[in-house]
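Summary of the model geometry
Here are the chains, one letter per residue:
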Amino acid sequence: QVQLVESGGGLVQPGGSLRLSCAASQSRFDMVAMGWYRQAPGKQRDMVATITAGGATSYADSVEGRFIISRDGEKPTVYQEMSSLKAEDTAVYYCWSRYAFQTGNSWGQGTQVTVSS
């Protein structure tokens, strides 16, 4: 029911930076949390970062200190600032959201991030 539109993926050299964006179609009034997962080739889909309605954030150990998640807007847009990118950060990144009226998460279509020299 909640539509999520991702942007900002692309090709970047090791050590470079990217910022991902995810725009939600629903008001933030009933939003519980939003965040990002990623799935690398041959790997499972893993949590990267989460931000709650109250602004609390959490990160996977592999990205702590390099990635920052934030949000703004009446219909929230969640951002993921990625710096000091490594080849192992190469993956499809998926935005997700949870609202109070949902029994499960909504998911974006994914955006490809490739880190390569």
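Please read these numbers as outputs of a predicted model, since none were measured by experiment. (Residues numbered from 1 in each chain as written. Predicted model: local features only at pLDDT ≥ 70, side-chain atom pairs only at ≥ 80, totals over all residues. Heavy atoms only, no water.)

Regarding unusual backbone geometry
Using the following cut-off: By the criteria applied, helices consist of DSSP H or I runs no shorter than four residues and strands consist of E runs no shorter than two, each listed in order from the N terminus.
A positive phi is found at Ser 84, a non-glycine position, where the angle reads about 50°. By secondary structure assignment, the location of Ser 84 is in the loop between strand S8 (77-82) and strand S9 (91-99).

Brief notes about the packing of aromatic side chains
Rule in force here: Pairing of aromatic rings covers Phe, Tyr and Trp, the last through its six-membered ring, and needs centres within 6.5 Å; plane angles under 30 degrees mean stacked, over 60 mean edge-to-face, and all others mean tilted. By definition here, charges over rings are those cases where NZ of Lys or CZ of Arg is within 6 Å of the ring centre and within 35 degrees of the ring normal.
Taken as a whole and assessed by the stated rule, the structure comprises three aromatic pairs. Each residue in the set Tyr 37, Trp 96 and Trp 107 is aromatic and connected to the rest through ring pairs, giving one cluster. Arg 45 extends its terminal NZ or CZ atom over the ring of Tyr 94, reaching a point 3.9 Å from the ring centre. Stacked on the ring of Trp 107, the Lys or Arg Arg 45 has its end atom at 5.1 Å from the ring centre.

Description of the pairing of S9
Heads up, the rule is: Throughout, exposure labels follow a simple rule: accessible area from a 1.4 Å probe, protein chains only, divided by the maximum for the residue type, with under 20% read as buried, over 50% as exposed, and the rest as partly exposed. At least two DSSP bridges between two strands are needed for those strands to be called paired.
In terms of burial, S9 is a largely internal element, seven of the nine residues being buried. One ladder, built from eight bridges, connects strand S4 (residues 31-39) with S9; its direction is antiparallel. Within S9, the position partnered with Gln 39 by the bridge is Val 92. Relative to strand S10 (residues 106-107), S9 is paired through two bridges, and the arrangement is antiparallel. In the strand pairing of S10, Ser 97 is matched with Ser 106. The loop that links S9 with its antiparallel partner S10 comprises six residues.

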